[in-house]
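Summary of structural features
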Amino acid sequence: MVTNDPQTIIKIVKNQLWENCDLLRSIVQSSPLAIAVLDIERKVKLLNYGAETMFGWQEEELIGKCYPIFSEEKSLLLKRIQSEEIIINVEVILKKRSGLLIDVNFSSVHLYEDHQFSGYLIICEDITKRKKAELDLKQSIRELKDIKFALDQSAIIAITDPYGKIRYVNDKFCEISKYKRSELLGQDHRIVNSGYHPRSYFYEMWRTIRRGQVWQGEVKNKAKDGKYYWVQTTIVPFLDESGEPYQYVSIRSDISKRKLVEEKVRLLAYYDELTNLPNRTYFKNQINQVLSEDRNEQIAVISVDLDRFKLINDTLGHRYGDLLLKAVAERLKSNLQPDDFIARHGGDEFLIFLRNVSYEDIKAVVRKCMKSLQLPIRLDQSDHFASISMGISLYPQDGTTFEELYQKADIALNRVKKQGRNSFQFFESTMDHSLSRELQIEKNLRTAIDYHEFTLHYQPKQDIQTKRIVGVEALIRWENREIGNVSPGEFIPIAEETGMISDIGEWVLRTACLQMINWQSRGLQPITISVNLSVRQFMDNRIIESITTILKETKLNPKFLELEITENVAVHEKEYVNQKLRELRDLGIKISIDDFGTGYSSLSYLKDYPIDTLKIDKSFVDEIIKNGDSSIVRAIIAMAHSLQMSVIAEGVEVKEQLEFLKAHNCDQIQGFLISKPLAASQFETEFLMV
């Protein structure tokens, strides 16, 4: 017989029954309770197995010694034992032999022999596990309360019975549904049904939760005031002993704002927000749908690029860039038929596809688009000019999928950009080979300066009346060890597109200035040297600083330097260009407009700019003899002189051209009739040592 009842043990020991009965003594010894009998000095007379196990001391160690669990002589517990006849189930903390503290249910009683006080009976029950369980339970209850509080503060909660009747809702539910709690309790969720979802949606929900599985989904509900709202919903079924749901707890979060954003994103997924044109994804879907049909028709895919758009953003800012994109999009769209399709591909690129069109039809549409952009675009009370480059591929000869047609159109577009932009080109099979060469040129161009592969050749400028050499144009030449001689017409566009033109341009300017200093230091005939600036170079905010630094380094007097810019630069951004030109003029540098007449001429711009010289493009000079058309050349000369500018004609190759130009008072000429571009030493010998 084993007992862990302190009251039974007290009765047995107090009446000294255990001393005369082996059975009762066995009960005391085998009890899991820690039992100790102490004399009046609190020395151990008996220690059962339970006490040995609980505290770690053996009976034979402690017989006749003080019980060590009372290590502190003045402890409150010790005082109570001495003063109180009986103590039952007082919770205390005692220390084991190992030093470990344990929770104990402590009982004690005074013992008497022949009515004389003879000692103490001490009984201890280890309640450490129970206390931990109680603490864990309290912690769990506290956590549950905290969780409920947190959920009530952040989520929309409802609890229903197995049939869906609402038994509990929190404040958040009332707040979003606009119903009072009293209006919701006893109802089912049909009270907030919006009618948006099909019946099958809720059928699947009920089928899931009735099987005891959690259901998650998005639900559109209707509030009492008629407004709709979306909730992300999780429904958790709680099961009874038989595995059947006895209630459902639904936890919801308001996702109405997110759904509004998603709806907006869905609408924008196929349209460009800036231009309101379809985007690339929509374009691709549309053309793939057309291509999937068995059609016996020619389709054109046109890749359109807004020329030099980066310069607009860099000089005027993104706001102007966005306004320009919107204006260009409107003009392009206005030139298309209802069956045609235009999209913004991204950045400054647009895509067009034309259905059931002939070769001539395509060219007519392309020319209309380009012509529409020749008129100035009004942005914030000022005029701006834009041009486009267009590459065209045809279905089925160039490809049968969107990817193939777009790739071929893009290759054709790149060809246009390499040839000077503001034009269009149909894809040709030879362009694939050209693209490979362009990549090879780009790779080698990156090391050309370091490997000293560039040289300058010099072409003289002659005064048409005195025949005296008054200037020279520095022209870059490139001989690569891998691909041989590469013409500027090939590598300059690539340098501009990749950004390498800035480093190359600085090299050309520095080398030309150093060559002039070399000639001057040797007392050779003083002349002006002309250096070309690309659009990208000129529009770089650091251009003035770069030129000033080179002039200081080389010690060249600025009056001997002339910078040539193309007409496209001159009409690009009036205020910016005017400011930079005046800063250059203030340095003493001369300014020349190269290839005049090939861009978008504007007399109003020219008269405001500090320009010294207009340079007539070779194509107009050729017309003098080729077609007998000299009207443009005469007009340019007359206009330049009226604006107090000098005129130089380039590309003069025959005497008839020279005579015409001389007769119409052109100031200077340049071309093969005088000399081709020469290496520095040869130019020096033929034109400066005279």
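Note: the structure precedes this text.
Presented here is a report on the structure given in the accompanying data block. All values reported here derive from a predicted model rather than from experimental measurement. (Residues numbered from 1 in each chain as written. Predicted model: local features only at pLDDT ≥ 70, side-chain atom pairs only at ≥ 80, totals over all residues. Heavy atoms only, no water.)

**What to know about the overall build of the protein**
Per the secondary structure count, the protein includes 28 helices and 27 strands. The C-alpha atoms of the protein give 49 Å as radius of gyration, which overshoots the globular expectation for 690 residues (26 Å, by more than 25%). Seen through its C-alpha atoms, the protein measures out along the principal axes to roughly 155 × 70 × 45 Å. Across the 690 residues that make up the protein, the buried fraction comes to 47%. Taking contacts inside the protein between residues at least 6 apart in sequence as the whole, the part at least 24 apart equals 60%. In the form shown here, the protein has an accessible surface area of approximately 35,900 Å², with 50% of it arising from carbon and sulfur atoms. Counting 91 positive and 100 negative side-chain charges, the protein places the averaged centre of each group 4 Å from the other. (Helix = DSSP H or I, 4+ residues; strand = E, 2+ residues; numbered from the N terminus. Rg over C-alpha atoms; globule rule 2.2 N^0.38 Å. Buried < 20%, exposed > 50% of the residue type's maximum accessible area, 1.4 Å probe, protein only. Contact = heavy atoms within 4.5 Å. Areas by Shrake-Rupley, 256 points an atom, 1.4 Å probe, with all protein chains shown as cover. Lys, Arg positive; Asp, Glu negative; His and termini not counted. Charge placed at Lys NZ, Arg CZ, Asp CG, Glu CD.)

**Points about the sheet that holds strand E1 (residues 34-39)**
Where strands meet in a sheet, backbone hydrogen bonds hold them as pairs that are either parallel or antiparallel. A sheet is described by the order of its strands in space; here 5 strands give the open sequence E2-E1-E5-E4-E3, paired in antiparallel fashion. With partners counted over all chains shown, the strands left at the sheet margins are strand E2 (44-47) and strand E3 (86-95), one partner each. Across the sheet, the mean angle from the axis of one strand to that of its neighbour is 25 degrees, orientation sign disregarded. The pairing of E3 with strand E4 (residues 101-113) spans 8 bridges and is classified as antiparallel. Along E4, the bridge assignment pairs Lys95 with Leu101. Where helix H7 (residues 128-154) meets the sheet, its contacts fall on E3, E4 and strand E5 (116-126), and the angle it forms with E4 comes to roughly 135 degrees. (Pairing = 2+ DSSP bridges. Axes fitted to C-alpha atoms, helices over the stretch in contact; angles between N-to-C directions.)

**Here we look at the sheet that holds strand E12 (residues 341-346)**
Pairing within the open sheet is mixed, and its 5 strands lie in the order E12-E13-E11-E16-E17. Because the sheet does not close on itself, it has two edges, and the strands there are E12 and strand E17 (424-426). With strand direction ignored, the average angle separating the axes of adjacent strands in the sheet is 20 degrees. Docked against the sheet, helix H12 (residues 280-292) engages strand E11 (299-306), E12, strand E13 (349-355) and strand E16 (388-395), running at close to 20 degrees with respect to E13. Set on the sheet, helix H16 (residues 402-418) makes contact with E11, E12, E13, E16 and E17; between it and E16 the angle comes to about 145 degrees.

**Section: a nonpolar patch on the surface**
Nonpolar side chains collect at one region of the surface, where Ile40, Tyr112 and Phe117 lie side by side and expose about 260 Å² of accessible area between them. In this fold, Phe117 is placed in strand E5. (Patch = residues over 30% accessible without salt bridge, like charges linked within 9 Å, V, L, I, M, F, W, Y side chains within 5 Å. Salt bridge = Lys/Arg side-chain N within 4 Å of Asp/Glu carboxyl O.)

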